[in-house]
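# Coordinate analysis (summary)
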Amino acid sequence: MGTENDLDVEGQTEPPICGLTRPRSVSANSSTKPPSASPTLAGTVVTDYSPQDASDAPSIVDPEAAHTLPVPGVCALLNTDLENGLDADEAARRLQNHGANKVEGAKGLSLWTILLRQVSNSLTLVLVITMVLSFAINDHIEGGVVVAVIVFNIVVGFMQDYRAEQTIQALYALSAPTCKVIRAGRDETIRAENLVPGDIVRLNVGDVVPADLRLAHSINLSTDEALLTGESVPVSKHAERILKDRDVPLGDRTNMVYSASTITRGRATGIVVSTGMGTEVGKIAMLLRSGRRNAGEQDARGIRRLWIKTRNGFRVVLGLDGTPLQVSLSKFALLLFALAITLAIIVFSASRWNVSDDVLIYGICVAVAVIPESLIAVLTIATALGTRAMARGNVIIRRLAALEAVGGVTNICSDKTGTLTQGKMVTRRVWLADGTEVSVQGTTHPFDPTSGSVCIGGNIVSSTDALPDEKLYASLRGFLEAIALCNNATVTGGDTYTAVGEPTEIALQVFAMRFGMGKPALLGSSGSRLLFEFPFDSSCKRMTVIYTDDGVQAHAYAKGALEALLPLMNVSDEEKRNIVAQADALAAEGLRVLCVARKPVDPAKFSPDETIAGDADNGMTPLRASAESNLTFVGLAGLYDPPRLESAAAVRKCQQAGITVHMLTGDHVKTATTIAREIGILKEESTDGGEIMVASAFDSLTDAQIDAMERLPLVLARCSPTTKVRMVEAMHRRKAFCVMTGDGVNDSPALKKSDVGIAMGLNGSDVAKEAADMVLTDDNFASIVTAIEEGRRLFDNIQKFLLHLLVSNIAQVILLLIGLAFKDRHGVSVFPLSPLEILWANLVTSSFLALGLGMEDAQPDVMQRPPHDLSVGIFTKELIVDKFVYGTAMGGLCLAAFSSVSYGMSGPYGLGEGCNEEWEDTCSVSFRARATTFATLTFLLLVTAWEAKHFKRSLFNMHPEKYSGPFSVFRTVWQNRFLFGAVSAGFVIVFPVIYIPVVNRLVFKHTAITWEWGVVAAATVVYTAIIEIWKAIKRRFGLGATPLVAVEV
């Protein structure tokens, strides 16, 4: 397992999750004498600004180097004044030069792009060619029907994608609609998009940073940069610092604040150094706008580049660049097109290339028969219905193709903060000075003090009323008073609990409220009032407050990092070692450790002040030193971001489904490991170091070294955007089909690179939503499992209706090819089915039956089997064999039906003359034979729809786990009401199509039948018997069986 630099942890706002480290000394006169450069964050050196540093500033403004420049140097290079800002004219000129402060990546999809999605597939192109040929031979009825099919396919797909895009656009929120700036010496509030480089911006708690700023002044400032860096806790910022290393990671640039981050504490003034697409957020958005151009196209030049772009364009138009199903269906459509041409050639060859109008029409009929015209419409409607189901499950599908694609995933790469976890801190463990341990268990809402249970010394209690031990009560009460009063967070209750403040302080306040000792309760009952506050600062890593009850007695309460408070406490060396050991034990559990202390003080030394401060600049360091000396140790608090309750079950369900879950997080490796073990990504007994890595170790490996690893790490900590992209690329090299989930801007490149990107809708950034294929409206990892289950259900159902549609096409091809042998007196082949009968069977009868199959419920074992083989795709061996068995049986029986009527009642005219074009008195036999064949084909398609509900189980015992017996078949067919209605309608509508005068002979080229219904009934019985026998053979010999996943948990 890779190691992690502890110095990185110390740079965070919150205390580090590590044991005691050597404390840094703080000079009392640091404001007048710059300290010598001292190492802090890995690879950086921090100094206080000295005026002569300005001479070292570079001659041009480079936003990448702003953190290395002193404030006066930045002002000089940007030609701005820190006190007065820019004037209106200069601001207008710069706005014209630099453009609006907007990120263009989140502009959404154009209507033209959505429309192109609908026509960029091979099957649509095949239908267009069929339409052109139909009109070319003046078959306007057939051509018109195909036009209607094409338009319907496009409209349905366009409306679904457009609605999804509108929903996503509704989720986009303006990150910072307005901001406060100094212009011409006056404070103004302007639209954030009107900011320009050189503007002076004021920031306060709760503000969203509107652009990338170099801090000029800051007081106790912290920002939440989770959306950009992935760090789960706020980062302390200091305007006075100057970082000498240009390549310091974004999260460690403590004198900069970045667009889309949020101010969680303090206030500041900053100088705008980058706006719009020049910000760090904008750079990521620009990366996304470049799309998925491969390296070959980017490196190529001249004619080669033109060739690559042309080739890629054809791939997109033909649908060969997309999800596995898209590619499979596009290749299949091209195969069908080649087959259609081959069959037409066979027809023309049979006529010795004497291509008359009849021969040409027959050839086109055979070609049309092999094309499943309704496939796109059925697929689009089925997936659209799936998106509605997903919307009810809190998942918005931006692209219809993503729904079927997510069902085939083999790996999920998930962010931790806010996705697998709740994104909020909870006080999990407390260790009191007397050795008592307190823990919080089963909390479901971090802000709700009534959620979960509290265990004290092994006993579960609900409040201090349940503490009979007075000594224990006193020890715990002292700890609760300290964490409640040394706290600026506000937690309000009612039907729903809400909180405002630092995540750590919220967690401590909620813990105190569990015992009825929250800050408002303490102040209300005792009449205590605040005398003084020394705010938290990362330079000293502690916060202290002074409270008095009556002006005679007062207490100092302090909390902070252990290394910051331990030297200030009045404890023996042995007690210090014990405290450090307990802190290390909590840190080993992945908890963020806080130390709490208190002591009585003389209230006369502290007077209330409206401008409470603790900065050395205000001369308060000696007073602070007095308040924070000889402290009494009260206890340790271990805090963490708890996992969502649904996460463990969701991860387990993924593992049972053969899906590997990886955690990629910007958080500390110990925290990530703890959460991973808690939710089941890592097994408790696992000791494999390769399962857990720090991103720096992973990034140091070459692609060859990564590929040589037996398995990719399950947990990657301290991830950068590059790390996540490399992880996705490594999975692609292993032929894995991966999902990337995330909420931050830093997740966006990986979301775009992954096969299916899933963004968070509530707390996700706009850029992440733009990059994603799906959006979770509840930010819940468990919703991904719902999406996968729905995707697998859709995949199964696609196979079912593909079987149904293709069986019909195979049967028609067999019938029409062999039907070349049926000729009239002039040697012209007689159509066993007319062109309109073929289209009616393919578009009307089959379409609704296939759509009903697309609405089938998920199989009981849908999440108990491995992902389908992506190298095989939708056309599995079982599907291919079944369609030929079913199709051959159907085509043979239809041929038998036509033959039995043609030769069973052959009259003096035989099959007549010119019976392919219109009714003649000599066409009675051929028209009756054609009607019998049409009715047989229709009834066999109706039976196939019910048989296709399961590839192996008998129609008469399809759901033995639900119901059995001789009448179970009726419950089986009734289960899917839409399919039952489609079968019923298909059965009923056959009769008017055959018997309505004029229409039957003029349009469908058949006529009414009588005794021929016996032939239809016999063919239906025989067909059902053949299918049931075939399924029995498959069950007996285990053909097409899918093994279940064996998962060790």
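Everything here concerns the structure above.
Before going into details, it helps to say that this report is about the structure given with it.

How each quantity is defined
Residues numbered from 1 in each chain as written. Predicted model: local features only at pLDDT ≥ 70, side-chain atom pairs only at ≥ 80, totals over all residues. Heavy atoms only, no water. Patch = residues over 30% accessible without salt bridge, like charges linked within 9 Å, V, L, I, M, F, W, Y side chains within 5 Å. Areas by Shrake-Rupley, 256 points an atom, 1.4 Å probe, with all protein chains shown as cover. Salt bridge = Lys/Arg side-chain N within 4 Å of Asp/Glu carboxyl O. Helix = DSSP H or I, 4+ residues; strand = E, 2+ residues; numbered from the N terminus. Buried < 20%, exposed > 50% of the residue type's maximum accessible area, 1.4 Å probe, protein only. Core = buried A, V, L, I, M, F, W, Y, C linked by side-chain atoms within 4.5 Å. Contact = heavy atoms within 4.5 Å. Pairing = 2+ DSSP bridges. Axes fitted to C-alpha atoms, helices over the stretch in contact; angles between N-to-C directions. Phe/Tyr/Trp six-rings, centres within 6.5 Å; stacked < 30°, edge-to-face > 60°. Lys NZ or Arg CZ within 6 Å of the ring centre and 35° of its normal.

## Here's the deal with a nonpolar patch on the surface
Among the surface-exposed residues, Ile341, Ile345, Trp353 and Val355 lie close enough to one another that they form a single nonpolar patch of about 370 Å² accessible area. Examined against the element boundaries, isoleucine 345 turns out to sit in helix α11 (residues 324–350). Classification of isoleucine 345 as partly exposed rests on a relative accessible area of 40%.

## Here we look at the pattern of salt bridges
Under the definition given, this model contains 32 salt bridges. Notably, a salt bridge pairs glutamate 193 with arginine 191, separated by 3.5 Å at the nearest N-O pair. With a closest N to O distance of 2.8 Å, lysine 1034 and aspartate 882 form a salt bridge. Within this pair, whereas lysine 1034 is found in helix α36 (residues 1013–1037), its partner aspartate 882 is found in helix α31 (residues 877–904), the two being separated by 152 residues in sequence. Aspartate 882 sits in the buried class, given a relative accessible area of 1%. Several salt bridges share partner residues, and in doing so they unite Asp703, Asp707, Arg726 and Arg733 into one network.

## Examining the nonpolar core
Of all hydrophobic cores here, the largest spans 167 residues; its most connected members are Leu636, Phe801 and Tyr1023. Every residue in contact with phenylalanine 801, bar those within four places of it in the chain, is listed here: Leu375, Val378, Leu379, Ala382, Ala850, Leu853 and Gly854.

## Details of the sheet that holds strand β21 (residues 554–560)
Within a sheet, adjacent strands bond to each other through the backbone by hydrogen bonds, running parallel or antiparallel. Strand order in the open sheet formed by 9 strands is β16-β15-β14-β13-β23-β22-β21-β20-β19, and the pairing between neighbours is antiparallel. Of all strands in the sheet, those bounded by a partner on one side alone are β16 (459–461) and β19 (529–537). Looking at each pair of strands side by side, their axes are set apart by 20 degrees on average, direction ignored. Bridging between strand β14 (residues 437–441) and strand β15 (residues 453–456) involves 4 bridges; their strand directions are antiparallel. Following the sheet pairing, glutamine 441 is matched in β15 by serine 453. Against the sheet, helix α17 (residues 503–513) makes contact with β13 (426–432), β14, β20 (542–548), β21, β22 (592–601) and β23 (632–640), and its axis sits at roughly 65 degrees relative to β13, the strand it touches most. Seen against the sheet, helix α20 (residues 573–588) touches β13, β14, β22 and β23 and runs at an angle of roughly 10 degrees to β23.

## Topic: the packing of aromatic side chains
Applying the stated rule across the entire model yields 16 aromatic pairs. When the centroid spacing of 5.7 Å and the interplanar angle of 65 degrees are considered together, the rings of phenylalanine 511 and phenylalanine 515 count as edge-to-face. For the pair phenylalanine 511 and phenylalanine 515, a shared accessibility class is recorded, and that class is buried. Three or more aromatic residues joined by ring pairs form one cluster here, namely Phe939, Phe987, Phe991 and Trp1013. In this arrangement the basic side chain of arginine 428 is found over the ring face of tyrosine 640, its NZ or CZ atom lying 4.6 Å from the centre.

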